[in-house]
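# Descriptive structure summary
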Amino acid sequence: MAEPGMGESGGDNAVATGPRTPALGVLVSGRGSNLRAILDAIARGDLRARAGIVISSRAGVPALEIAAARGIPTRVIAPRDYPSRAAEGAAVVAALSEAGVDLVVLAGYARIFDPCVVRAFPYRILNIHPSLLPAFAGGMAPKPQADALAAGVKLSGCTVHFVTDEVDAGPIIAQVAVPVLDDDTVERLAERILAAEHTLLPEAIRRVLEGHPRVTGRRVLFDHR
Ligand code: GRF
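Residues numbered from 1 in each chain as written. Predicted model: local features only at pLDDT ≥ 70, side-chain atom pairs only at ≥ 80, totals over all residues. Heavy atoms only, no water.

## Re the site of the ligand
Close contacts around the ligand come from Arg31, Gly32, Ser33, Asn34, Gly108, Ile128, His129, Pro130, Ala141 and Glu197, and that covers them all. Take Arg31: an N or O atom from its side chain is 2.6 Å from an oxygen atom of the ligand. Take Ser33: an N or O atom from its side chain is 2.5 Å from an oxygen atom of the ligand. Bound to the protein, the ligand loses 93% of the 370 Å² it would expose on its own. If you list the elements that add at least two residues to the shell around the ligand, you get helix H1 (33-44) and strand E5 (125-129). Residue composition of the shell around the ligand, grouped by class: three nonpolar, five polar and two charged. (Near = heavy atom within 4 Å. Polar contact = N/O pair within 3.5 Å; in protein donor to acceptor, adjacent residues only side chain to side chain. Areas by Shrake-Rupley, 256 points an atom, 1.4 Å probe, with all protein chains shown as cover. Helix = DSSP H or I, 4+ residues; strand = E, 2+ residues; numbered from the N terminus. Nonpolar A, V, L, I, M, F, W, Y, C, P; charged D, E, K, R; others polar.)

Below, the structure is given as structure tokens:
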């Protein structure tokens, strides 16, 4: 597929360096534990960024409360309020642009983007998925975790990848493996994977912001850690 904004030769995709603190746009749909992990990493000084806006596809979810409690601007962009996926996508792009967002992070966002969003932020949208992609792609938690358990794999984990028009198939930025234990239930496995996500996602954001990622074919390469 055509990779927007970056050729095989690998242009420099550093998002923001220098004195300006990069702004994140975080998209959520529910619980918000990954959002909290990002905000905690920022508060600890482990991630030099700021949350410019939190957008939710659902009203009244805990993630919105987490954002509001920390004074972060929030928006609800719910599919039923728009006549088409394209119109919904255009609203997302407008909200992110108005907030001056440098990097977009999907943290439990239960929507598939219209291509206009991916075009507006080429290689600037990250997603976290609770499996070792490309295994168990597609579906929202806990489906990937349940599928891994049912398949009998001994290792699962989580993946942060760039978002492209193909669901859960964009170039992989970072992964962590989590063992599947003999007495695991879907809930227990999902819980351990989630704990790994909370470390992986802020660290992957940091690497994208600071590590000058280049996409070469399907690979994401960094100049430095
Ligand atoms: C996580 O499992 C994440 O991998 C998936 O959705 C879930 C979101 O959880 N994309 P939370 O809302 O961050 O707690």
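## Some points on the packing of helix H5 (residues 143-151) against helix H6 (residues 186-210)
Orientation of H5 relative to H6, taken along the N-to-C sense of each, is 120°, at an axis distance of 9 Å. Considered as vectors, H5 and H6 are oriented oblique to each other. For H5 against H6, the interelement crossing comes out right-handed. For the pair H5 and H6, the contacting residues are Gln145, Ala146 and Leu149 in the first and Val186, Leu189, Ala190 and Ile193 in the second. Of the residues that constitute the contact of H5 with H6, the class distribution is six nonpolar, one polar and no charged. (Axes fitted to C-alpha atoms, helices over the stretch in contact; angles between N-to-C directions. Parallel < 35°, antiparallel > 145°, perpendicular 65-115°, else oblique. Left-handed = near helix turned anticlockwise from the far one by under 90°. Contact = heavy atoms within 4.5 Å.)

## Brief notes about H1
With 12 residues, H1 extends 16 Å between its outermost C-alpha atoms, agreeing within 8% with the 16 Å of an ideal straight helix rising 1.5 Å per residue. For H1, every residue scored as buried is listed here: Ser33, Asn34, Leu35, Ala37, Ile38, Leu39 and Ala41. Structurally, H1 contributes buried residues whose contacts are with strand E1 (23-28), strand E2 (50-56), helix H2 (62-69), strand E4 (103-106), E5 and H6. (Expected span 1.5 Å × (residues − 1). Buried < 20%, exposed > 50% of the residue type's maximum accessible area, 1.4 Å probe, protein only.)

## Focus: the pairing of E5
Both faces of the sheet carry side chains from a regular strand, because those side chains alternate between them. The element E5 is largely enclosed, with a buried count of five among its five residues. Across the two faces of E5 the burial is the same, with Ile125, Asn127 and His129 and Leu126 and Ile128 all buried. Alignment of E4 against E5, held across three bridges, turns out to be parallel. Paired with Val104 across the bridge in E5 is Ile125. With respect to chirality, the unit in which E4 leads through helix H4 (residues 115-120) into the neighbouring parallel E5 is right-handed. (Pairing = 2+ DSSP bridges. Right-handed = clockwise from strand over helix to strand, strands pointing away.)

## What about the packing of aromatic side chains?
Following the criterion strictly, the structure yields two aromatic pairs and no others. With centroids separated by 5.4 Å and ring planes inclined at 45°, the aromatic side chains of Tyr109 and Phe113 adopt a geometry described as tilted. Considered together, Tyr109 and Phe113 belong to a single accessibility category, that of buried residues. Across from the ring centre of Phe222, 4.1 Å away, lies the NZ or CZ of Arg207, which sits over that ring. (Phe/Tyr/Trp six-rings, centres within 6.5 Å; stacked < 30°, edge-to-face > 60°. Lys NZ or Arg CZ within 6 Å of the ring centre and 35° of its normal.)

## A look at the pattern of salt bridges
Enumeration according to the criterion identifies nine salt bridges in this entry. Close ionic contact of Arg20 with Asp102 constitutes a salt bridge, the shortest N to O distance being 2.6 Å. Linking Arg20 in the segment before E1 with Asp102 in the loop between helix H3 (85-98) and E4, this pair joins segments that are 82 residues apart in sequence. Here Arg206 and Glu203 are joined by a salt bridge, their closest N and O atoms 2.8 Å apart. Taken together, the residues span about one helical turn, with Arg206 and Glu203 both in helix H6 at a distance of three residues. For Glu203, a relative accessible area of 33% corresponds to the partly exposed category. One network of salt bridges, with partners in common, ties together Glu203, Arg206 and Glu210. (Salt bridge = Lys/Arg side-chain N within 4 Å of Asp/Glu carboxyl O.)

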